[in-house]
Amino acid sequence: MSDVELVLRSTRVIAPEGTRPASVAVAAGKITAVLPHHAEVPAGARLEDLGDDVLLPGLVDTHVHVNDPGRTHWEGFWTATRAAAAGGITTLVDMPLNSLPPTTTVGNLRTKRDVAADKAHIDVGFWGGALPDNVKDLRPLHDAGVFGFKAFLSPSGVDEFPELDQERLARSMAEIAGFGGLLIVHAEDPHHLAAAPQQGGPKYTDFLASRPRDAEDTAIANLVAQAKRLNARVHVLHLSSSDALPLIAGAKAEGVPVTVETCPHYLTLTAEEVPDGASEFKCCPPIREAANQDLLWQALADGTIDCVVTDHSPSTADLKTDDFATAWGGISGLQLSLPAIWTEARRRGHSLEDVVRWMSARTARLVGLAQKGAIEAGRDADFAVLAPDETFTVDPAVLQHRNRVTAYAGKTLSGVVKSTWLRGERIMADGEFTEPKGRLLSREP
């Protein structure tokens, strides 16, 4: 213990075995021990006594659209990672699209890493993209350290990232399975979307009808069938349709290597509360009804849904028009994901330990970041300090992402992130930030 530099002490430390009073010893950016609460502080170490605030592992958000380079007027690494740090997130994995160029070749990955290198307030990893014409690039991207490959089964919304049809999906999936990679999929079936009524205009009910549940359900069924045939690891992105849950549960019971995420907006916002014209609530797939939301929560509780991520997908305010058909679809949630989920989770009888499992431990496991996601010896000393009983009202003016549009404006949430720590260094405290200290991460072999 002679090399310990820092001890974080709290009456409530969330470790893998449960919550208890403890002192967490840190040296060289790593957790070296989780000790009894009143353990003697080693000579030369600094003590940070957090009182009754909860010490939890930094969150790992594996679904973030940073849009940098190319659409930095929408978002960028500096602003996105500050917003993440403000919300207790210490690691994010950046999606390959909405930036220009998209992360679909090794050269494009290098461009993105160069842009991110001196702007990251937290640790950042990268997904690659699977396009109809880049099967040859998938293995080189894997070898270059991307965490997996994103694909769309319906139009993505940007021309430079086209969707895969079933034949090209199978081709990409077989290639990725051949080297043990992970395919992550936006699963909405284009034929069901094309057949749905497309009214346009400001009514949310019309937009909801244009993205029916059966589009998700059919796409997921086809994805699971392909994964089973090829024994390929697949991950369903941003699940919103509860109708797909029995299929997913059955696939898992059969041993199909499928995992599933959902998002705070599907778990905390409902179609019934969306005002007409309020496209800050628009995302694809859409926010659905309260009864659907109840079933998503049940699936989180029983493990059918593995994890919760933001799908932070911002744009400039002018793209959020009052016409749901033409407005940009995406919800900005990095800074608010933890309090939003905690507020609703507590109301439904879940614990902070559950939230940590969904938003840190399982997301770290999804992408193979063995050094993240838990407070235990040998892991990175990444922490969030949370006052779980304090409340605040969401004021867009204090949000850190670049365009301060939010579907949570005016909502009262529980859980104030007091400070965020990255490898034993406090990078955010009470809304004040250090200079960027994040590292660029690569997939571990």
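No experiment lies behind these values; they were computed from the predicted model shown.

Further remarks concern the overall build of the chain. Across its full length, the chain carries 12 helices and 18 strands. For 445 residues, the compact-globule estimate of 2.2 N^0.38 gives 22 Å, and the chain sits close to it at 21 Å. Across its three principal directions, the C-alpha atoms of the chain cover 70 × 45 × 45 Å. A total of 445 residues make up the chain; the buried ones form 60% of that total.

All right, on to the pattern of salt bridges then. Counting across every chain of the model gives 32 salt bridges. A salt bridge links Asp 68 to Lys 119; the shortest N-O distance between them is 3.9 Å. Of this pair, Asp 68 sits in the loop between strand E6 (59-64) and helix H1 (77-86) while Lys 119 is found in the loop between helix H2 (106-116) and strand E8 (123-126), placing the two residues 51 residues apart along the sequence. Residue classification places Asp 68 among the buried positions, given a relative accessible area of 3%. Judged by its relative accessible area of 28%, Lys 119 falls in the partly exposed class.

Moving on, we come to the sheet that holds E8. Ordered in space as E6-E7-E8, the three strands form an open sheet in which the pairing is parallel. The strands lining the two open edges of the sheet, one partner per strand, are E6 and E8. Across the sheet, the mean angle from the axis of one strand to that of its neighbour is 20 degrees, orientation sign disregarded. Note: E6 against strand E7 (residues 89-94), four bridges, orientation parallel. In the strand pairing of E7, Val 64 is matched with Asp 94.

Attention now moves to the packing of aromatic side chains. Applying the stated rule across the entire model yields eight aromatic pairs. On the numbers, 5.8 Å between centres and 55 degrees between planes, the contact of Tyr 204 with Phe 207 is tilted. Of this pair, Tyr 204 and Phe 207 both sit in helix H6 (residues 204-210), three residues apart, roughly one helical turn. Side by side, Tyr 204 and Phe 207 carry an identical accessibility label, which is buried. Seen in terms of ring centroids, Trp 297 and Trp 358 are 5.8 Å apart; in terms of plane orientation they differ by 70 degrees. Their pairing is edge-to-face. Within this pair, whereas Trp 297 is found in helix H10 (residues 290-302), its partner Trp 358 is found in helix H12 (residues 352-366), the two being separated by 61 residues in sequence. The pair formed by Trp 297 and Trp 358 is uniform in burial state, with each residue classed as buried. Members of the aromatic cluster, each reached through a chain of ring pairs, are Tyr 204, Phe 207 and Phe 324. Over the face of the ring belonging to Phe 433 we find Arg 82, whose NZ or CZ atom lies 4.2 Å from the ring centre.

Reading the values: rules and limits
Residues numbered from 1 in each chain as written. Predicted model: local features only at pLDDT ≥ 70, side-chain atom pairs only at ≥ 80, totals over all residues. Heavy atoms only, no water. Helix = DSSP H or I, 4+ residues; strand = E, 2+ residues; numbered from the N terminus. Rg over C-alpha atoms; globule rule 2.2 N^0.38 Å. Buried < 20%, exposed > 50% of the residue type's maximum accessible area, 1.4 Å probe, protein only. Salt bridge = Lys/Arg side-chain N within 4 Å of Asp/Glu carboxyl O. Pairing = 2+ DSSP bridges. Axes fitted to C-alpha atoms, helices over the stretch in contact; angles between N-to-C directions. Phe/Tyr/Trp six-rings, centres within 6.5 Å; stacked < 30°, edge-to-face > 60°. Lys NZ or Arg CZ within 6 Å of the ring centre and 35° of its normal.

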